[in-house]
Amino acid sequence: MDHTQQAMARLTSAGVGCVALTWVDNAGITRVKTVPTARLKDAVRDGVGMSPVFDVYLVDDSMTESPAIGGPDGDLRLVPDLDRLTTLAAQPGWAWAPVDRFQASRAPYPGCQRSFARRQQELASAEFGIELLMGFETEWVVDAGARGSGPAYGMARVVALSDYLREVTEALGAQGLVPLQVHPEYAVGQFEVSVAATGPVAAADLAVLVRETVRGVSARHGLPVSFAPMAVAEGLEGLGNGRHLHLSPWRDGKNLCRGGDGPFSMTGECEAFLAGVFRELPALLALGAPSPASYLRLRPSRWAGAHHCWGLENREAALRFVAGSPDDLGGANAEVKSFDGAANPYLVVGGVIAAGLAGLREGLTLPPPVSGDPAGRPGLRRLPTELPAAIGQLADSAVLREAMGEELLGAVLAVRRAEVELFASTTPEELVEATRDRY
Ligand code: GLU
Ligand code: MG
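To keep things clear, this report deals only with the structure shown in the data block. (Residues numbered from 1 in each chain as written. Chains lettered and ligands numbered in written order. Predicted model: local features only at pLDDT ≥ 70, side-chain atom pairs only at ≥ 80, totals over all residues. Heavy atoms only, no water.)

Around ligand 1, the structure places E139, E185, E192, G240, G242, H244, R297, R302, W303, A304 and K337. At a separation of 3.4 Å, an oxygen atom of ligand 1 approaches a polar side-chain atom of E192. Between ligand 1 and R297, the relevant distance is 2.6 Å, taken from an oxygen atom to a side-chain nitrogen or oxygen of the residue. Within the complex, the protein chains bury 96% of what would otherwise be the 300 Å² of accessible surface of ligand 1. Of the residues contributing to the shell around ligand 1, the split by class is two nonpolar, three polar and six charged. (Near = heavy atom within 4 Å. Polar contact = N/O pair within 3.5 Å; in protein donor to acceptor, adjacent residues only side chain to side chain. Areas by Shrake-Rupley, 256 points an atom, 1.4 Å probe, with all protein chains shown as cover. Nonpolar A, V, L, I, M, F, W, Y, C, P; charged D, E, K, R; others polar.)

A few words now on a nonpolar patch on the surface. On the surface, a nonpolar cluster with roughly 370 Å² of combined accessible area is contributed by Y153, Y186 and W303. The residue Y153 is located in the loop between β7 (131-142) and α4 (155-160) in this model. (Patch = residues over 30% accessible without salt bridge, like charges linked within 9 Å, V, L, I, M, F, W, Y side chains within 5 Å. Salt bridge = Lys/Arg side-chain N within 4 Å of Asp/Glu carboxyl O. Helix = DSSP H or I, 4+ residues; strand = E, 2+ residues; numbered from the N terminus.)

Now for the pattern of salt bridges. Under the counting rule described, the total for this entry stands at 27 salt bridges. One salt bridge in this structure joins D61 and R31, with 2.8 Å as the shortest N-O distance. You can see D61 sitting in the loop between β3 (48-50) and β4 (76-80) and its partner R31 sitting in strand β2 (residues 30-36), a full 30 residues away along the chain. The buried category is assigned to R31, whose relative accessible area is 12%. The salt bridge partner of E269 is R251, with a shortest N-O separation of 2.6 Å. Here R251 lies in strand β11 (residues 245-251) and E269 lies in helix α7 (residues 268-288), a separation of 18 residues in the sequence. Here the salt bridges do not stand alone but share partners, grouping D81, R84, D100, R114, R118 and D205 into one network. (Buried < 20%, exposed > 50% of the residue type's maximum accessible area, 1.4 Å probe, protein only.)

In this section: the packing of helix α6 (residues 200-220) against helix α9 (residues 345-362). Where α6 meets α9, the axes come as close as 8 Å, and the angle between the chain directions of the two elements is 155°. In terms of axis orientation, α6 runs roughly antiparallel to α9. In the packing of α6 onto α9, the handedness of the crossing is right-handed. Of α9, the residues touching α6 (which contributes P200, V201, A204, D205, A207 and V208) are P345, Y346, V349 and I353. The residue inventory of the contact of α6 with α9, partitioned by class, reads nine nonpolar, no polar and one charged. (Axes fitted to C-alpha atoms, helices over the stretch in contact; angles between N-to-C directions. Parallel < 35°, antiparallel > 145°, perpendicular 65-115°, else oblique. Left-handed = near helix turned anticlockwise from the far one by under 90°. Contact = heavy atoms within 4.5 Å.)

Attention now goes to the coordination of the magnesium ion (ligand 2). Here the magnesium ion (ligand 2) is held by E139 (OE), E185 (OE) and E192 (OE), and the distances to it run 1.9 to 2.1 Å. Along the chain, the residues donating to the magnesium ion (ligand 2) fall in the pattern E-x45-E-x6-E. Residue E139 is found in strand β7, and its partner E185 is found in the loop between β8 (179-184) and β9 (190-195); the two are separated by 46 residues along the sequence. For the residue pair E139 and E185, the accessibility class agrees, reading buried in each case. (Donors = N, O, S within 2.8 Å, 3.2 Å for Na, K, Ca; no water.)

This next bit is on the nonpolar core. Judged by nonpolar contacts, the single largest core of 96 residues is most densely connected at W140, Y164, L274, L394 and M404. It is α7 that contributes the most residues to this core, 13 residues altogether. In this view, Y164 contacts W140, V142, V214, V217, S218, H221 and L223; residues no more than four positions away in its chain are not counted. Membership of the second largest hydrophobic core comes to 27 residues, among which are F54, I69, L76 and Y109. (Core = buried A, V, L, I, M, F, W, Y, C linked by side-chain atoms within 4.5 Å.)

With that settled, the discussion passes to the packing of α7 against α9. Interhelical geometry of α7 versus α9 gives an angle of 140° and a closest axis separation of 6 Å. What the angle tells us is that α7 and α9 run oblique. As for how α7 packs across α9, the hand of that crossing is right-handed. On the side of α7, the interface is formed by E269, A272, F273, G276, V277, R279, E280, L284, L287 and G288, while α9 contributes L347, V348, G351, V352, I353, A355, G356, L357, A358, G359, L360 and E362. Class assignment of the residues belonging to the contact of α7 with α9 gives a composition of 13 nonpolar, five polar and four charged.

Buried within helix α10 (residues 387-396) are the following residues: L387, A390, I391, L394 and A395. An end-on view of α10 places all buried positions within 140° of arc, on one side of the element. Its buried side turned inward, α10 meets α7, α8 (294-297) and α11 (398-422). (Arc of directions from axis to C-beta.)

Tracing the backbone shows R258 in the loop between β12 (254-255) and α7. Exposure remark for R258: the relative accessible area of 17% places this residue in the buried category. Among the polar contacts made by the side chain of R258, one reaches the main-chain carbonyl oxygen of A323 at a distance of 2.5 Å. With sequence-adjacent residues up to four places away left out, R258 is seen in contact with F264, S265, M266, T267, A323, G324, S325, L329 and A332.

Time to look at the pairing of strand β15 (residues 333-336). A regular strand places its side chains so that they alternate between the two faces of the sheet. Burial along β15 is two-sided: N333 and E335 facing one way and A334 and V336 facing the other are all buried. Pairing of β11 with β15, which is carried by three bridges, proceeds in the antiparallel orientation. Bridge pairing links H246 to E335 in β15. (Pairing = 2+ DSSP bridges.)

Below, the discussion takes up the environment of L40. Within the element layout of this structure, L40 appears in helix α2 (residues 40-46). Each C-alpha atom, one on L40 and one on F227, is 30 Å from the other, the two residues being 187 residues apart in sequence. Residues in contact with L40, not counting those within four places in the same chain, are T4, M8, L11, V19, V35, P80, L82 and L85.

The phi angle at R106 is positive, at roughly 75°, despite the residue not being glycine. When you line up the elements, R106 lands in the loop between β6 (94-103) and α3 (113-128). In this structure R106 comes out as partly exposed when scored by relative accessible area, which is 33%. The backbone phi angle of Y153 is positive, close to 55°, even though this residue is not glycine.

So, in structure tokens, the structure goes:
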């Protein structure tokens with residue numbers, strides 16, 4: 001039996017009848033084709049057909065067009081990555097695998113976001129001998145009425161939703177993920193889960209899997225759930241859902257975030273990588289905080305990373321350096337706080353690596369770190385405060401243009417601009433309403 005047949009036999013004996021094959025579009029929505037388990041080998045060999053027009057779908061399922069993409073013609077093949085095949089704990093009888101998208105000829109498809117992330121991951125290794133560890137934190141809001149209304153970070157909220165939270169944790173563990181912690185967040189009904197760091201493409205895959213697992217457990221409890229940047233209109237005064245990215249560069253089993261003579265004992269290479277990410281942050285926002293709704297969340301003094309600064313353990317800085325403890329040097333990492341759940345995680349990891357590699361090539365250094373709340377401090381600038389400004393930065397970023405290529409970048413820019421247009425005359429409340437249940 002080959003690899004695929006073994007996987008199919010495993011699924012069949014576990015009672016799995018259907019496999020969900022997902023990718024994330026440029027609007028940040030996880031789209032899917034499903035196949036019966038018996039057809040998995042055909043999906044691996046031939047791919048599953050899907051129109052390229054999904055690369056220019058918007059958050060409301062309307063379509064725009066980019067210079068290369070639009071209209072009803074053409075076909076792509078979705079090819080599942082069986083290395084990531086996972087039996088789903090909250091959807092009995094189902095398994096899941098992410099796909100790479102190829103042209104009908106099986107030539108690489110330049111619009112494939114997962115392939116873009118993999119190219120950047122491979123470049124880090126080939127050019128600098130660097131492996132990156134990455135992990136996303138997932139925040140969500142569950143509409144559990146009074147049960148979700150306990151205090152921020154309060155045990156009362158865990159008690160009230162005890163079975164639900166345990167099932168979320170156990171479902172992740174049963175799927176082979178390593179949940180690090182689950183806690184009630186600041187906003188009403190808001191929770192966060194983090195899972196152990198992995199390679200970049202795997203981290204993006206896991207971001208998809210974590211979200212769909214939370215969604216699945218929530219559905220079994222009859223609880224509506226939102227991963228949108230802002231989930232409740234009344235919460236406009238409060239906090240949104242972030243999806244922060246943690247990262248650390250490694251070589252030969254050594255974490256480059258420690259053991260050097262850069263700031264806070266990071267190595268020069270770590271500093272250069274982070275400085276590259278730091279420089280591109282305004283442009284990266286168009287990938288990581290990609291919805292007009294993202295800018296309802298990305299405000300000062302909300303721990304959302306609204307200022308273009310970095311600091312040691314500073315939860316208001318867009319880039320937060322986490323030094324780790326002296327006996328856990330491997331735990332040191334940097335966290336990009338500005339990103340949210342409307343983002344396509346593959347574009348995020350690919351864009352961040354591309355930015356970091358540019359920092360390494362150019363030997364960049366970081367500006368002085370900032371401590372305390374940067375809000376209102378002279379000389380400290382906000383990141384873009386609305387999507388059009390971030391789109392402009394992305395369009396002008398030579399680093400990201402070169403890394404993404406015209407076809408992928410063109411589609412991303414088209415979707416971003418069309419969503420600006422779509423919501424040009426909506427109120428914040430209408431924008432929250434229109435995006436709350438979409439991601
Ligand atoms: N919910 C906050 C956000 O919008 C983050 C809170 C935290 O630091 O975990 O990103
Ligand atoms: Mg959080």
